[in-house]
Amino acid sequence: MKATLSIQRGALGATPHQDTFDIPFEHGQSILDGLRAIRRSMDPSLAFRFSCINANACKECMMLIDGKVDYACTVRLKEGMTTLAPLPKKALIRDLVTEIAPPDERLMLRS
Amino acid sequence: MTSPPPNTLVPAHLEADVLVIGAGGAGMYAALEAAKGGASVILADRSLIGRGGATVMAQMTVAAALGEQTPDHWEHHFADTLAAGRGLCDERLAALLCEDGPQRLREMDAWKVGWAREDGHIKQAQAPGHDRPRCAYVDFLSTGPAVSKTLRTQLNNASGIRRIGDLTIVDIALRYGEACGATALHLPTGQAVTLAAKAVVIATGGLTGLYRRNSASSNMGGDGYALALRAGAELIDMEFVQFFPIGHLAPRLVGMDPIMWDPFRYKLGGKLLNSEMREFEADYATKDARSDGTYKLTRDLATYAITKEVEAGRGSPAGGAYLSFQHVPEAEIRKAFGPVVDRLAENGIDLAQRPVEVAPIAHYHMGGIRVDEMMATGVPGLFACGEAVGGANGANRLSGNAITEAFVFGARAGRSAAERAKQNASMWSADAAKSAIDLLRSASKRDAPNPAAVIVKLQAVMADDVGPFRTDAKLRSAISAIAQLKADIGDTPFASVEAFDPVRADWLDLRNMFAVAQSVAVPALARTESRGAHQRDDHLGLNDAWSVNQIVAMADGDMTLRKVMPTTGKAAA
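Residues numbered from 1 in each chain as written. Chains lettered and ligands numbered in written order. Predicted model: local features only at pLDDT ≥ 70, side-chain atom pairs only at ≥ 80, totals over all residues.

1. A few points about the overall build of chain B
Then, in step 1: Summing up its helical and strand segments, chain B has 15 helices and 21 strands in all.
Then, in step 2: Its C-alpha radius of gyration of 23 Å places chain B within 12% of the 25 Å reference for a compact globule of 573 residues.
Then, in step 3: Taking the principal axes of its C-alpha atoms as reference, chain B extends roughly 70 × 55 × 50 Å.
Then, in step 4: Taking all 573 residues of chain B together, 61% fall into the buried category. (Helix = DSSP H or I, 4+ residues; strand = E, 2+ residues; numbered from the N terminus. Rg over C-alpha atoms; globule rule 2.2 N^0.38 Å. Buried ≥ 20, exposed ≤ 12 C-beta atoms within 10 Å, placed from the backbone.)

See below:
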């Protein structure tokens, strides 16, 4: 089976663009499995947050999946196109990474 | 308007009495106790505060002699811990873990962690290797998230603790051989940050991210061990990596921790079956005097049993063993695990109907940074706590000791660090950060191997050749493969972009992972016996001559190895 992920790319301040990746997958694999596979075999610069990988414990991999806020670790890969975008109501850092930490748990540096 | 490239900027600089690196259970506890001791604290994590690390992943057991379920005394817990450690425990650290454990669990109870209760008392489950029910937990499989949330709430309410996520520590800053802070990479901007501190606590957790199949968070590549080594501290028992015997293997399970089957077994039993659908644990139980001959093999023996069944051609289709709950009435499964049953159903798993497949998975590191009972390393000003510390659990850790160790050692390290900060002026000098700043500034975009793929290669080497069952040939092959992969990535970081660059982060991880992988493989090669989690197919059985700890250190960039007798005697109160 083959999934196509269309991913919004770019850092804050730049015009975002879409990159499309085709990835083979097995039944039951998650969007996060797909993103990690893209980094390993196609584009290691793709940025997304995750920590616990599998457990849905860290809650860091939240993003917009086909227009809906969800966790990349629990939504499954599917055949055909899936679109991924950063959370719309959080400040963008780059690609799928947004500023999700509470303000008092961040270091503010000018970039 | 374009801003100057970040690598030409003067690094941002922060100061505190105490710097705690890593915001899992141990790091959060250390920060709380250091603040309680009057210190100003920076709590830094490369992930988000209280979200990464191993604590949040814990599903169930936290061992302490609370005596709530049945009468108990910490010395019984101590005896079980030493027995599991196969003669290698640092008795001071093991005693501290067991003696202070109840106090910490009660503190967490007062902070409303929500330990499961029954008839008005904290409910304690029995886990393998414990002589009685001793493990508290939070239903349903929520121990880690509940513990993390509780500590985060305490952090929010405490004063004097500055929490900073997305900050990767590159190196400990040293002056006259003493720790005086650290140098870090701020991931969102790609900028260097220097941190001055009178005491530094490493609470970065373990190294299971070095292995292909692991139950770790993504940030568990052993960076704290590498930070300690490069700072001049010693590591102990590095050859002892715990494999969790029944990590989930198939069918693909998402949204749940792969080690979730242990709590099911504690509550419901559960049968390990081979491809002949025959229970096999009893075949291996006689090898261990502490096993009662039922299903309760300690983790090292269960890992051995499953691996040997697979080798004998009696494995499950995906290469593990079957774990079956088909003998348990459906209503009982529902009563014990409530909503978890529905989460399993979403993954196509119905325990009453079909078994799942399980196999050993890298889970915990017994080895780690060598500390005394105050959690001080040999480097003045440098402390460690939690899984980052080695010695308390010897050659094999009991189920339930990891979270307890995070609480107890975290609290002790925080107190010691605050004490040190009180008695010493800041030793900070910008020179102490120079080599790490230079390293960060040397990052470049260049034709280079994909670092995410190199990590996968390293994980394969570790899993295949430095896994639970080792031989001289495999270990030698691993050591040379590690050296080759290390040469492939060079001495200066790869970079792709400035903001949140996973390429740069992976390179910095690999720099640490290679040092740590070597610090596991080298003592594993030297230890020509089988003990606890270190099993040598070419040196079967325990050899009394090896009732020693191996110490890894770094001198002028070279790794050194020596033996010491295990530390005996109870910790000073």
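Additional details are given in the paragraphs that follow.
2. Here we look at the overall build of chain A
Then, in step 1: A count of helices and strands for chain A gives one helix and seven strands.
Then, in step 2: If you list the helices and strands of chain A from N to C, you get β-β-α-β-β-β-β-β.
Then, in step 3: The C-alpha atoms of chain A give 14 Å as radius of gyration, which agrees with the globular expectation for 111 residues (13 Å, within 12%).
Then, in step 4: Dimensions along the principal axes, computed over C-alpha positions, put chain A at roughly 45 × 30 × 25 Å.
Then, in step 5: Looking at chain A as a whole, 41% of its 111 residues are labelled buried.
Then, in step 6: Long-range contacts, defined as pairs at least 24 residues apart, comprise 43% of the intrachain contacts of chain A with a sequence gap of at least 6. (Contact = placed C-beta atoms within 7 Å.)

3. Considering the sheet that holds strand β3 (residues 62–65) of chain A
Residues and elements named next belong to chain A.
Then, in step 1: The strand order β2-β1-β5-β3-β4 describes an open sheet built from five strands, whose pairing is mixed. This sheet does not close on itself; its edge strands, each paired only once, are β2 (17–24) and β4 (68–71). Within this sheet the neighbouring strands show an average axis-to-axis angle of 35°, counted without direction.
Then, in step 2: Packing against the sheet, helix α1 (residues 31–41) makes contact with β1 (2–9), β2, β3 and β5 (80–85), and its axis sits at approximately 100° to β2. (Pairing = 2+ DSSP bridges. Axes fitted to C-alpha atoms, helices over the stretch in contact; angles between N-to-C directions.)

4. A closer look at the interface of chain A and chain B
Then, in step 1: Between chain A and chain B, the contact holds 33 residues from the first and 43 residues from the second.
Then, in step 2: Looking at the side of chain A that touches chain B, the elements with two or more residues in it are α1 and β6 (92–94) of chain A.

5. Digging into helix α11 (residues 401–423) of chain B
Then, in step 1: Taking 1.5 Å of rise per residue, 23 residues should cover 33 Å, and α11(B) covers 32 Å from first to last C-alpha, within 8% of that figure.
Then, in step 2: Taken across its 23 residues, α11(B) has 19 buried, putting it largely inside the fold. (Expected span 1.5 Å × (residues − 1).)

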